[in-house]
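# A structural walkthrough
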Amino acid sequence: MAYDRELADRIREALAGVTQVREVRMFGGLSFMVNGKIAATANAGGQLMVRCDPDRIEALLEREGASWPEMRGHKMSKGWIVVDEDGTASDQAFNFWLNEALDYNTKVSAGG
């Protein structure tokens, strides 16, 4: 499966201080599992897919470069966002999305 290696390296670097990170090829890219749950995926073409709080979807979709991901022609369930290269170009924007994913990961890993 093809994925953007530069984006994967950015994610890997951002997660360097996080424990229990595992890389798995899935969703047409390279997914980064934190505490056994998907947090972020580097897709082809520089797209970052993050798992996020379903209650925040509408607000998150308003951010630059964010859209609802599709798999096999169908929209994925609430709780997933795909962000194009424009939406992750700056370190500040990239870190926003990674923090969003890690915050939600903490919630679901704690069972909440």
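A brief structural summary.

Criteria and cut-off values
Residues numbered from 1 in each chain as written. Predicted model: local features only at pLDDT ≥ 70, side-chain atom pairs only at ≥ 80, totals over all residues. Heavy atoms only, no water. Salt bridge = Lys/Arg side-chain N within 4 Å of Asp/Glu carboxyl O. Helix = DSSP H or I, 4+ residues; strand = E, 2+ residues; numbered from the N terminus. Buried < 20%, exposed > 50% of the residue type's maximum accessible area, 1.4 Å probe, protein only. Phe/Tyr/Trp six-rings, centres within 6.5 Å; stacked < 30°, edge-to-face > 60°. Lys NZ or Arg CZ within 6 Å of the ring centre and 35° of its normal.

### Looking at the pattern of salt bridges
- Summed over all chains, the structure comprises 6 salt bridges.
- For Lys107, the salt bridge identified is with Asp53, shortest N-O distance 2.9 Å. Here Asp53 lies in the loop between strand S4 (48-51) and helix H2 (57-61) and Lys107 lies in helix H3 (residues 91-109), a separation of 54 residues in the sequence.
- Taking the relative accessible area as the measure of exposure, Asp53 reaches 12% and is therefore buried.
- Several salt bridges share partner residues, and in doing so they unite Asp9, Arg12 and Glu23 into one network.

### Overview of the packing of aromatic side chains
- Per the stated rule, a full pass over the model turns up 1 aromatic pair.
- Judged by centre distance (5.2 Å) and plane angle (85°), the ring pair of Phe96 and Trp97 falls under edge-to-face.
- Given a relative accessible area of 23%, Phe96 falls into the partly exposed group.
- Looking at Trp97, the relative accessible area reads 1%, which means it is buried.
- Positioned above the aromatic ring of Phe94 is the side chain of Arg10, whose terminal nitrogen or guanidinium carbon lies 4.1 Å from the ring centre.

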